[in-house]
Amino acid sequence: MEIIKFSAKWCGPCKTYKIIFDDVISEYSGITVKEVDIDDDADIAKKYDIRSIPTTIIAKNNVELDRLKGIIIGKELKTCIDKYIDI
């Protein structure tokens with residue numbers, strides 16, 4: 001499983017979400033996390049059609065399984081990850 005988190009250095013909500021995201025993701029092993037700054041990696045943001053940040057994509061074998069937009073509370077993020085962990 002891979003999680004791609006899109007954000008930007010200037011984005012206030014992204015800074016808040018980073019704290020929540022890092023706390024939740026620290027509970028898991030075997031998940032690849034890719035953090036993409038939409039300004040530094042505009043091509044990747046375009047490839048995934050990112051229109052707002054923060055956006056979190058959960059994928060497996062290059063297939064998008066879920067897309068979470070905005071600040072997601074820890075419990076909701078954990079529930080979403082757990083839904084796909086054994087797929």
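Everything that follows concerns the structure shown earlier in this document.
Source: prediction; values computed, not measured. (Residues numbered from 1 in each chain as written. Predicted model: local features only at pLDDT ≥ 70, side-chain atom pairs only at ≥ 80, totals over all residues. Heavy atoms only, no water.)

1. Quick look at the nonpolar core
- Membership of the largest hydrophobic core comes to 15 residues, with the highest contact counts inside it found for I3, I31, I58, L77 and I81.
- In this structure, I31 is in contact with M1, I3, I25, I81 and I85, ignoring residues within four places of it in sequence.
- Counting residues in hydrophobic clusters, the runner-up holds eleven residues, among them I4, F6, Y48 and I53. (Core = buried A, V, L, I, M, F, W, Y, C linked by side-chain atoms within 4.5 Å. Buried < 20%, exposed > 50% of the residue type's maximum accessible area, 1.4 Å probe, protein only. Contact = heavy atoms within 4.5 Å.)

2. Considering the pairing of strand 1 (residues 2–7)
- Across the six residues that make up strand 1, a large majority, five, are buried.
- Bridging between strand 1 and strand 2 (residues 32–37) involves six bridges; their strand directions are parallel. Counted as the bridge partner of E2 is T32 from strand 2.
- The handedness of the strand 1 to strand 2 crossover, carried by helix 1 (residues 12–25), is right-handed.
- By the bridge criterion, five bridges tie strand 1 to strand 3 (residues 55–60) in an arrangement that is antiparallel. When the bridges of strand 3 are listed, I4 appears paired with I57. (Helix = DSSP H or I, 4+ residues; strand = E, 2+ residues; numbered from the N terminus. Pairing = 2+ DSSP bridges. Right-handed = clockwise from strand over helix to strand, strands pointing away.)

3. A few points about the pattern of salt bridges
- Under the counting rule described, the total for this entry stands at nine salt bridges.
- We note a salt bridge from K18 to D22, for which the minimum N-O separation is 2.8 Å. Linking K18 with D22, this pair stays in helix 1, spanning four residues, or about one helical turn.
- For K18, a relative accessible area of 35% corresponds to the partly exposed category.
- A relative accessible area of 29% means that D22 is categorised as partly exposed.
- Counted as one network, the salt bridges with shared partners bring together K9, D37 and D40. (Salt bridge = Lys/Arg side-chain N within 4 Å of Asp/Glu carboxyl O.)

4. Looking at helix 3 (residues 74–84)
- When helix 3 is considered as a whole, its buried residues turn out to be L77, C80, I81 and Y84. Along the axis of helix 3, the buried positions cluster into a sector of 95°, meaning they face one direction only. Opposite the buried face of helix 3, by more than 90 degrees, sit the exposed residues K75, T79 and K83. (Arc of directions from axis to C-beta.)

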